[in-house]
Structures are given as C-alpha cells and as structure tokens.
Amino acid sequence: MVENYTELGIYEDIVKVIGKTPLVRLKKIERYFSIESELYAKIEFFNPGGSIKDRIGKYMIEGAKKEGKITEGAVIVEPTSGNTGVGLALVAADEGYKTVFTMPDKMSIEKELLLEALGAFVIRTPTAVAPSDPNSYYKVAEAVRNLIWKKKRPVSREELKEIVNYVQRLVDEERLDELRSILEEEVEETPYAYIPNQYFNKYNPIAHYETTAKEIWEQTKGEIDYLFAGIGTGGTITGIGRYLKERKDVKIIGVDPVGSIYNLVKKGMSLEEAVKKAHPYLVEGIGEDLLPETVDLSLVDDIVVVNDQEAFAMTRFLARKEGILVGGSSGAALYGTIKYLKENEVKGKKVVIIFPDTGRNYLTKIFNNKWLLENGFETDDEKVLEGLR
Ligand SMILES: Cc1ncc(COP(=O)(O)O)c(C=O)c1O
C-alpha cells in the first residue's frame, strides 16, 4: 500500500495539484544585466490552469462553500481578465459548478477560448468604460447574477445559456437602460449564483498568505531579502508581503504599469486625483483604475513603474535568454526588478520575483511582431533593454 501519494506525484484530483511551484534562478539575466544579486523567479505557470490565479480560484470556491454562499448547482460569475476565470473554471468543473465570466474586449482571444474549453460561458464587454457604467465587466457580472437570483432556484445549463446570450445582446447593442434596470431591481440573494469578486474577497490574499508565501519562505529557507510582484487585485503582494514581514524585514516592491493608480496613490496622491490620471495600457493582469479591498499598500515598501514597451521587450527577451515563456506581467515584474536594483545599487541580496502566468496566452500579441508593429512598439528587444544594462 502506498502511504503518501503526493510524494510520488499522484493526486486525487486536479485541484490538489495547485501550488508547490518551482523557484528558478535567472543566471543568464543576472549576467546580461550585470546584477550582483541572486534572482529567483517563482514560476506560476506550473499551476494546472497556467497561472497563479488557480490558487485563489480554489480558495474562493472553498471559502464560499464553507460560508454557505453557494450550494449544489450554483453558478459562479466573475469579472475577470482571464486567469482568475481559468482558476475558478477548473475548480468549478472539478466540483460540479457552472461558470460565467465577463471580460473586457482588450483581453486575448486565447483566454476566452480557454474558459469556454473548461465549460464556461464568456461575455465580452467594452474596455474603455468606467467601472460604474452598466456595461462595464463588473456591472455585467452583477446583471447575470441578478437574473439567476430572480429565479430563486438552480438554473440548468440551457437556461444559463439563454441568460448569457440575452446579456451579451444588451451589451453589444448598448441597451444601457435595460442593463441599468436589471442592476437596480431589488432581488433576494440566493446560493444559486455567486460573484467571488477577487477584488474584495478575503480568500484572495489568504490564498497567497497560506500557500505562495509559505512556499517561498520554505524554498528560500527564510533567506530572502526582496520580493517583487506586479499588482493587479493586490492579493499576491498583500498575502506574500504580510507573511514575509511577520517573519523578517523583507523588502516588498510592487510593479505597476504606466497608467495605473497604485504608484500614484503610494506616492501620496489622493485616490480621486490618481483615478483622473489613470489611462489605458496593454499589459494584462496588473495595474488598476480603482483601489480594491484586497490590496494593503502599507505592506509595500516601494513601487516601480514600467511601460508596455519595456514589459513586452523583457518578456520576449526572457523567453529567448532563459527559455522561460511567461506573460507580459512577468516581463514587467522582471524589468521593474532590474530597474529598481540598479537605481538603488542593491547588491548581494536574494531576490524573488513572481511570474504570474504562461506566455502561451499571448502568442498572438506580445510574441507576434505584426501585433507589436501595429500597436507602435519596437520589435528589437535588445535595443529597448539597452538602457537597463
Ligand atoms: C497575468 C497576471 N499577472 C499578475 C496579476 C496580479 O496578481 P494580483 O491580482 O494578485 O495582484 C494578475 C491578476 O489578475 C494576472 O492575471
């Protein structure tokens, strides 16, 4: 009789495979940029859904189950740029829940197809609208949830498909008044539809506190001086930052795209002013134009700002230099790390960088010269990175 299955790499189901991702040293990058510290990437594409968000998918569904917010036959609805959807969809598939995701149209087609492959329904919404507009991806998710709540019973897959098609039509035809009236109608909460809302869900940072951070602490045997991570919902940096700071004065550095509010708020700008300055950018998964409840900026010592061009050049360079194919937020995190270490003359430290997802999500974008040129980006990565050396 085999006593410990997981030691042999055998798991009872896919959800149990989530986590325990490797830390990989980036020696070629260290050498190329003359970094005199050790860089270790926590490579989250080893999760079954290909991203760090599998961790919170698992925690948010288990949390909702524990708190009675979902019951058998429930539909999980989430506004997501993709990875959280994949995490939720695979856990939901394993546990028998249905899923609907609302997604801004700037997100890659690969992410939409991936969600549908996992049995989810996807509703596309316009990117350039305010979060409070009735056709924003946040509000469209609420509309779907309300329509399910209204039925006061679990919905079949066919019924769900009808609801999804109807809401997509309202969005496409800009029937904002109808969306508004669905959102404003009072409906009783039921356990048949639930929005985990990764931006406000306590299980998001808890997942990172209990798993990602603990793994990093154990993998480095506590010998970690700096942690760099992009900030989207802030769950990653908050959960890891809290865990590490409770044990040691590890410097926690956030990486933020140009156009996001985090770096402005951290510098002391009022939220209102920062939101006015927010503007769109193309790197996916990081940066915000609102302040989620899942982020605690007091745990973040500093924030480095990276633009799309820098993020994309580093992402592409990393794939060729180290054979690590990750997404643009990982390239941004690495660019921000090197920029910060150089500017602050940091030497002899152990640095961990979070690489949130796989580059396979972006083959038609970041890794496609035609797309880069169409969007006004340089395709000569070394040229872009020259300034960092
Ligand atoms: C690709 C990618 N990178 C980074 C992040 C940021 O992680 P967090 O939301 O925990 O701040 C996300 C989150 O959506 C993401 O999808």
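Look above for the structure.
What you are looking at is a predicted structure, and each value in this text was computed from that prediction instead of being measured.

Can you lay out unusual backbone geometry for me, pointing to particular residues and giving the numbers?
If you check the backbone angles, Lys152 has positive phi at about 60° while not being a glycine. Take Lys152: it is sitting in the loop between helix 5 (137-149) and helix 6 (157-172). Its identity is not glycine, yet Glu174 carries a phi of approximately 50°, on the positive side. Positionally, Glu174 belongs in the loop between helix 6 and helix 7 (176-184).

Describe a positive patch on the surface, listing the residues and the values that go with them.
On the surface, Lys27, Arg31, Lys321 and Arg389 cluster together into a patch of positive charge. With respect to the element layout, Lys321 can be found in helix 12 (residues 308-322). With relative accessibility at 32%, the residue Lys321 sits in the partly exposed group.

Please give an account of the sheet that holds strand 1 (residues 23-25) that cites residues and values.
The mixed open sheet is built from 6 strands, whose spatial order is 1-2-10-7-8-9. Each having just a single partner strand, strand 1 and strand 9 (302-306) make up the two edges of the open sheet. For this sheet the average axis-to-axis angle between neighbouring strands, irrespective of direction, equals 25°. Strand direction decides the pairing type here: strand 8 (residues 251-257) and strand 9, joined by 5 bridges, are parallel. Across the sheet, the residue bridging to Val255 is Val304, located in strand 9. Sitting on the sheet, helix 9 (residues 235-245) is in contact with strand 7 (226-230), strand 8 and strand 10 (350-355), with an inclination near 170° to strand 8.

I'd like a description of the pattern of salt bridges, backed by residues and values.
Under the definition given, this model contains 33 salt bridges. As a salt-bridge pair, Asp13 and Lys16 come within 3.0 Å of each other at their nearest N and O atoms. What makes Asp13 partly exposed here is its relative accessible area of 22%. Taking relative accessible area as the criterion, Lys16 reaches 38% and is therefore assigned partly exposed. Put simply, Glu284 and Lys365 hold a salt bridge, and the shortest N to O gap is 2.7 Å. Taken together, the residues Glu284 in the loop between helix 11 (271-277) and strand 9 and Lys365 in the loop between strand 10 and helix 14 (369-374) connect sequence positions 81 residues apart. Ionic contacts of the salt-bridge type, sharing partners, join the residues Lys42, Glu44, Arg55 and Glu215 into one network.

Explain the packing of helix 12 against helix 13 (residues 328-343) to me, using residue names and the numbers behind them.
One can describe the packing of helix 12 onto helix 13 by two numbers: an axis separation of 7 Å at closest approach and a directional angle of 100°. By the angle between their directions, the pair helix 12 and helix 13 is classed as roughly perpendicular. Seen from helix 12, the contacting residues are Glu310, Ala311, Met314, Thr315 and Leu318; seen from helix 13, they are Gly328, Gly331, Ala332, Leu334, Tyr335 and Ile338. Tallied by class, residues from the contact of helix 12 with helix 13 come to 7 nonpolar, 3 polar and 1 charged.

The rules behind each value
- For every chain, the first residue of its written sequence is number 1, and the numbers climb from 1 along that sequence.
- Given that this is a predicted model, residues contribute local features only at a pLDDT of at least 70 and side-chain atom pairs are listed and counted only at 80 or more, while totals for whole chains, interfaces and linings are drawn from all residues.
- Only hydrogens and water are set aside; all other atoms, that is, all heavy atoms of the structure, feed into the side-chain values.
- Each helix is a run of H or I in the DSSP string that is no shorter than four residues. Each strand is a run of E no shorter than two, and both are numbered from the N terminus.
- A residue counts toward a patch only above 30% relative accessible area and without a salt bridge, and it is joined to like-charged neighbours within 9 Å or, for Val, Leu, Ile, Met, Phe, Trp and Tyr, to nonpolar neighbours within 5 Å.
- Only the protein chains shown count as cover for residues, with accessible areas throughout obtained via the Shrake-Rupley method and a probe of 1.4 Å.
- When a carboxyl oxygen of Asp or Glu lies within 4 Å of a side-chain nitrogen of Lys or Arg, that pair is called a salt bridge.
- Under the counting rule used here, the positive set is Lys and Arg, the negative set is Asp and Glu, and His together with the chain ends is not counted.
- Throughout, a charge is located at the NZ atom of Lys, the CZ atom of Arg, the CG atom of Asp or the CD atom of Glu.
- Buried residues are those whose accessible area, probed at 1.4 Å on protein chains only, stays under 20% of the maximum for their type, while exposed residues exceed 50% and partly exposed ones sit between those limits.
- In this description, strands pair whenever DSSP reports at least two bridges between them.
- Lines fitted to C-alpha atoms define the axes here, with helix axes fitted over just the stretch in contact, and angles between the N-to-C directions of these axes take values from 0 to 180 degrees.
- Throughout, a residue-residue contact means that at least one pair of heavy atoms, one from each residue, lies within 4.5 Å.
- Any angle from 65 to 115 degrees is called roughly perpendicular, while one under 35 is roughly parallel, one over 145 is roughly antiparallel, and all others are oblique.
- Residues are grouped as follows: Ala, Val, Leu, Ile, Met, Phe, Trp, Tyr, Cys and Pro are nonpolar; Asp, Glu, Lys and Arg are charged; every other residue, Gly included, is polar.

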